[in-house]
Amino acid sequence: MNQQKRRIQTWKWLLPVTVFVLGCVCLAYFLYNVYTSNREQLQTVTELNAMTYAERMTTDLNKGISITESLQEILVSEHGEINNFSHVAEDLMTDEIQSIQLAPDGVVTEIYPEAGNEAGKIDLINDPDRGEISRYTRDHDLTILQGPFQLKQGGVGIAICNPVYLQNEAGETYFWGFTIAIIRVPDIFSNSVQALTSFGYEYRLSKTVSPLSSEYEEVASSGAVMDHPVEYGFEMGGCSFNLEVMPSGGWNQGSNLGVFFLGGFVIVLLLTGLTSTSLILEEHRETLKRLSTTDTLTGLLNRKGFEDQIAHFIKNHPGASCVGIQLDVDNFKFVNDMYGHATGDMALQELARSMKETFSENAILSRSGGDEFSIVLTETTSKEADEKIRAFTSMPRYFEYDGGAHSFGISLGYAEYPKDSADMTELFRNADMALYEVKLQGKNNCLSYNCNFKPQRRSRLGFALRDVSQNLPGAFLIYIADPEDDRILFANREMIEFAGCGDFDEFLSYSDHSFHNLIRPDEQDAVEKSIWEQIDSGTSGNNDYVQFHFAKRDGTYHPVLDHGRIVENTYYGRVFYVLIMDCALIETHYDR
């Protein structure tokens, strides 16, 4: 009996011990999974942020490179000359630029601003410190980013050196020299690094000093010691960049192991709770995986997700026909500048919605970046998809702004695999060539790839309104062509100065945004009547000519000749383009 009691007591003792041991094992297993899962999630999010902000830094650096490319375009168009360099450089300057330079034949002769930068006028080709990399840049026709180095004005800079090659009258290419921009770091990355810091990350950005060196130097950092950081590398300007990122609180934050440990006995008893927790963790992993392949603005695949799906399709359907499509929004920069980026985002979302509705089956849809989108129509040919693509391109699209609907169009190019292309890279290169042909032909259309298209690098077409208007030989403005609403939309610098104002805001304030107020009061009704009688009669086409006294800000009136042309504008309807010519100047140079 006593022996039986002892067996029972032993069993009562053994059972709780067994439950406790099993519970501890389960709890330990659970806590380990929580820890590793939290670490994996944190690692994944950090990798995504490192990739995102590295791409932002690439965009920041491209702003500096675009300055040297703008100078190069002027040199090409003006046969190696830049008139009024200081004015051109002033327009290109930003807060992050230390100086802008020209170096014909490799010798720096022009620097803006010149004050404090005089020592920079050196022979780069033969300079003992910069000669080797300058000759490398010249001989390889490669835009390079050299530095970081200490600026004499204080701080750290990176030099962007862009070799310029022109053609002489015989059609021979020759080396003209360099266009150079000195950017300050980390100023150029200020938005990116502030965002990283505000999201709770430590960072360090390093780069190779030049294409001739494999040694990395620190460009910018948060100053913290990096503990197993996530690294993301990218290439630019012949140099390698490396961005290291880690959470400010380390890799063990947010795991709540103490709380889970205290609740371990409950978790052991409540197996359903353990299952639910495991499902939540799995859901988190799936969410992170989905976020890593999805564009958050449009809900389409991002570039990584797009490439993964294409690779999956090719693997499972080798040799199957498909159609690659490249498209973008026409005049998207104008939409952003005129209506704001929030409205631009609405236009992108509307375009993505129409993509999903039109290509709902057998399609891989992605936003490549900015206003550029890519599509693969699987297991189909260009001939089979042609009608649907054309209907998609021509369908009306609108975005809402200030209570009104505004239309926008798209340009689209497409090609077929394997008919037109040997692989996916060539497929999208051909589709991009077709898209470029659409741009050349006036936009808002679509074209299928043709083998007669010439491969060529995209370049900026035309001139910006600011560039053209600021260099017109006369005062110029644009205003709405409506007798009830003659609101001024634009005025160039010569117009602003002719009116006696300091800047455009002062000009708008003085004129109260109205062209009517630039006419001497006793002539206003007659002048406006003459303008509209000429336009309505159609005797001079869309032009009008009228003479009146221009009302200056200082209260004086100056006789001028007004030459206006009425133009249809996509966003404002009818507008007047107007040249104001000084009558006294005309009388000086021309006999009446």
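Just so we're clear, the structure is a prediction, and the values are computed from it rather than from any experiment. (Residues numbered from 1 in each chain as written. Predicted model: local features only at pLDDT ≥ 70, side-chain atom pairs only at ≥ 80, totals over all residues. Heavy atoms only, no water.)

1. Here we look at the overall build of the protein chain
Reasoning step 1: Looking only at helices and strands, one finds 17 helices and 21 strands in the protein chain.
Reasoning step 2: Evaluated residue by residue, the protein chain yields a buried proportion of 41% over its 592 residues.
Reasoning step 3: Within the protein chain, counting contacts between residues at least 6 apart in sequence, those at least 24 apart form 57% of the total.
Reasoning step 4: Accessible surface, the protein chain: about 32,600 Å² in total, of which carbon and sulfur atoms supply 51%. (Helix = DSSP H or I, 4+ residues; strand = E, 2+ residues; numbered from the N terminus. Buried < 20%, exposed > 50% of the residue type's maximum accessible area, 1.4 Å probe, protein only. Contact = heavy atoms within 4.5 Å. Areas by Shrake-Rupley, 256 points an atom, 1.4 Å probe, with all protein chains shown as cover.)

2. Thoughts on the pairing of strand 15 (residues 410–417)
Reasoning step 1: Of all eight residues in strand 15, eight are buried, a share of seventy percent or more.
Reasoning step 2: A two-sided burial pattern is seen for strand 15, the buried positions comprising Ile410, Leu412, Tyr414 and Glu416 on one face and Ser411, Gly413, Ala415 and Tyr417 on the other.
Reasoning step 3: When strand 10 (residues 322–329) meets strand 15, the two strands line up antiparallel, connected through eight bridges. In the strand pairing of strand 15, Gln326 is matched with Gly413.
Reasoning step 4: Alignment of strand 15 against strand 16 (residues 446–448), held across three bridges, turns out to be parallel. By the bridge assignment, Tyr414 is partnered in strand 16 with Ser448. (Pairing = 2+ DSSP bridges.)

3. Observations concerning the pattern of salt bridges
Reasoning step 1: Counted under the stated rule, the structure contains 19 salt bridges.
Reasoning step 2: In this structure, Asp308 engages Lys304 in a salt bridge whose closest nitrogen and oxygen atoms are separated by 3.2 Å. Linking Asp308 with Lys304, this pair stays in helix 8 (residues 303–316), spanning four residues, or about one helical turn.
Reasoning step 3: Relative accessible area serves as the criterion here: at 40%, Lys304 is assigned to the partly exposed category.
Reasoning step 4: In the salt-bridge network here, residues are joined through shared partners; they are Asp328, Asp330 and Lys439. (Salt bridge = Lys/Arg side-chain N within 4 Å of Asp/Glu carboxyl O.)

4. Description of a nonpolar patch on the surface
Reasoning step 1: On the surface, Phe20, Val21 and Val25 cluster together into a nonpolar patch covering about 260 Å² of accessible area.
Reasoning step 2: Assignment of secondary structure puts Val25 in helix 1 (residues 2–77). (Patch = residues over 30% accessible without salt bridge, like charges linked within 9 Å, V, L, I, M, F, W, Y side chains within 5 Å.)

5. Considering the environment of Ile74
Reasoning step 1: Note that Ile74 resides in helix 1.
Reasoning step 2: Separated by 14 residues in sequence, Ile74 and Val88 have C-alpha atoms that sit 9.7 Å apart.
Reasoning step 3: Not counting residues up to four positions away in its chain, the partners in contact with Ile74 are Glu81, Ile82 and Val88.

6. Side note on helix 4 (residues 190–198)
Reasoning step 1: Along helix 4, the residues classified as buried are Ser192, Val193, Ala195 and Leu196. Along the long axis of helix 4, the arc covered by the buried residues comes to 160°, so they all point the same way. Looking at helix 4, the residues exposed on the side facing more than 90 degrees away from the buried face are Asn191, Gln194 and Ser198.
Reasoning step 2: Following helix 4 by one or two positions, Gly200 has its phi on the positive side, about 85°. (Arc of directions from axis to C-beta.)

7. Points about the side chain of Asn543
Reasoning step 1: Within the fold, Asn543 resides in strand 19 (residues 543–551).
Reasoning step 2: Reaching out from Asn543, the side chain makes a polar contact with the side chain of Arg565 at a distance of 2.8 Å.
Reasoning step 3: Ignoring sequence-local partners within four residues, the contact set of Asn543 consists of Gln534, Ile535, His563, Gly564 and Arg565. (Polar contact = N/O pair within 3.5 Å; in protein donor to acceptor, adjacent residues only side chain to side chain.)

8. Describing unusual backbone geometry
Reasoning step 1: In the segment running from Tyr112 into Pro113, the intervening peptide bond is cis, with an omega of -5°.
Reasoning step 2: Summarising the element assignment, Pro113 is placed in the loop between strand 2 (110–112) and helix 3 (131–140).
Reasoning step 3: We note that Asp105 has phi near 55°; this positive angle belongs to a residue other than glycine.
Reasoning step 4: Note on placement: Asp105 falls in the loop between strand 1 (97–104) and strand 2.

9. Notes on the confidence of the model for the protein chain
Reasoning step 1: Of all residues in the protein chain, 87% attain a pLDDT of 70 or more, and the chain-wide mean is 84.
Reasoning step 2: Between residues 457–464, whose pLDDT stays under 50, and residues either more than four places distant or in other chains, the model counts 12 contacts. (pLDDT = per-residue confidence, 0-100.)

10. What about helix 16 (residues 524–537)?
Reasoning step 1: Between its terminal C-alpha atoms helix 16 stretches 20 Å, which fits the 20 Å expected from 14 residues at 1.5 Å a residue.
Reasoning step 2: Those residues of helix 16 hidden inside the fold are in contact with strand 17 (475–480), strand 19, strand 20 (557–569) and strand 21 (573–582). (Expected span 1.5 Å × (residues − 1).)

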